[in-house]
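Chain and residue survey
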Amino acid sequence: MIVWSIANQKGGVGKTTTTITLAGLLSKQGKRVLLVDTDPHASLTTYLGYDSDGVPSSLFDLFQLKEYNEDTVLPLVMRSDIENIDLLPAHMSLATLDRVMGNRSGMGLILKRALMSIKTKYDYVLIDCPPILGVMMVNALAASDRILIPVQTEFLAMKGLERMVRTLAIMQKSRNKAFKVTIVPTMYDKRTNASLQTLQQLKKDYPSQVWSSAVPIDTKFRDASLKNLPVSHFASGSRGVFAYKQLLLYLERLSIDE
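Residues numbered from 1 in each chain as written. Predicted model: local features only at pLDDT ≥ 70, side-chain atom pairs only at ≥ 80, totals over all residues. Heavy atoms only, no water.

Packed helices, taken two at a time, are described by their axes: the angle between them and the distance between them. It is at 10 Å that the axes of helix 8 (residues 155-175) and helix 9 (residues 193-205) come closest, and there the two elements cross at 25 degrees. With respect to their mutual orientation, helix 8 and helix 9 come out roughly parallel. Note that helix 8 runs across helix 9; the crossing there is right-handed. Note on element contacts: helix 9 touches helix 8 through Q197, T198, Q201, L202 and D205, opposite F155, M158 and L161. A class-by-class count of the residues in the contact of helix 8 with helix 9 yields four nonpolar, three polar and one charged. (Axes fitted to C-alpha atoms, helices over the stretch in contact; angles between N-to-C directions. Helix = DSSP H or I, 4+ residues; strand = E, 2+ residues; numbered from the N terminus. Parallel < 35°, antiparallel > 145°, perpendicular 65-115°, else oblique. Left-handed = near helix turned anticlockwise from the far one by under 90°. Contact = heavy atoms within 4.5 Å. Nonpolar A, V, L, I, M, F, W, Y, C, P; charged D, E, K, R; others polar.)

Here the focus is the packing of aromatic side chains. In the structure shown here, the tally under the stated rule is two aromatic pairs. Centre to centre, the rings of F221 and Y244 are 5.9 Å apart; their planes meet at 85 degrees, and the pair counts as edge-to-face. Of the two residues, F221 sits in helix 10 (residues 219-226) while Y244 sits in helix 12 (residues 239-257), which places them 23 residues apart along the sequence. The class for F221 is buried, based on a relative accessible area of 14%. (Phe/Tyr/Trp six-rings, centres within 6.5 Å; stacked < 30°, edge-to-face > 60°. Buried < 20%, exposed > 50% of the residue type's maximum accessible area, 1.4 Å probe, protein only.)

Under the definition given, this model contains five salt bridges. Close ionic contact of D123 with R32 constitutes a salt bridge, the shortest N to O distance being 3.4 Å. Pair noted here: D123 is in the loop between helix 6 (110-117) and strand 5 (124-128) and R32 is in the loop between helix 1 (15-28) and strand 2 (33-37), with a separation of 91 residues, a long-range link. Exposure remark for R32: the relative accessible area of 34% places this residue in the partly exposed category. (Salt bridge = Lys/Arg side-chain N within 4 Å of Asp/Glu carboxyl O.)

This part is about the sheet that holds strand 6 (residues 146-152). Pairing within the open sheet is mixed, and its seven strands lie in the order 3-4-2-5-1-6-7. Each edge of the open sheet carries a strand with a single partner, namely strand 3 (78-79) and strand 7 (181-186). Docked against the sheet, helix 12 engages strand 1 (2-6), strand 5, strand 6 and strand 7, running at close to 170 degrees with respect to strand 7. (Pairing = 2+ DSSP bridges.)

This brings us to helix 12. Between the first and last C-alpha of helix 12 there are 27 Å, a value that for 19 residues agrees with the 27 Å anticipated at 1.5 Å per step. Buried within helix 12 we find G240, V241, A243, Y244, L247, L248, L251, E252 and L254. (Expected span 1.5 Å × (residues − 1).)

Of all six residues in strand 7, six are buried, a share of seventy percent or more. Here strand 7 shows a buried face lined by V181, I183 and P185 and a second buried face lined by T182, V184 and T186. Pairing of strand 6 with strand 7 involves six bridges; the strand directions are parallel. In the strand pairing of strand 7, I147 is matched with V181.

Next up, the structure:
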């Protein structure tokens, strides 16, 4: 089982789009994929057509468990309408975890323990993270084999990336193990100087971590979300899908090399 977290401490950079698109491509390969929505705003849960206020159980319930095994964890997972994709949905109650349980011993490793208990059930787990550092992001990062950081190709987004890199550095010291990071340039528009210059700056500042290509602006992403489908299932020939296919090939090669 391979676990990727999609994280950035800035909103609107394409985290949920990256999560659902990679999941769609993996599912088309016949891979069993579990999506984990750790954001109280529940964008990923909503994307898949669910009302987060009406789900029978959610990630919040995972943090109430006393034991972590298939019998306790799997009942919290929902089957989506997309073949090979399951969902551990979010609920607004996740926003209370830092206040209610943030000081509890071992809180940062609960998601990792839960995922390990069901590792034979899935080939990939993709975790969509909230844009703030808290219990949920700490859990996601601790459970991950690799961190994907989508970064919009405009200069303000560089500041969010700097914060995320600092966060990872702090966490690396506490766990005494380096994170494997891939920076994913998103919303790229080759017609604008801002996109061109930002992509160049990313490659200059993070040469060993940034993916060499970029995900372009593509209206098919928005159209697919209205249909509650990954864009790979909605417009498989779109330029956005082509870009994510290249990203997935790149990530798969990294996994093999590791």
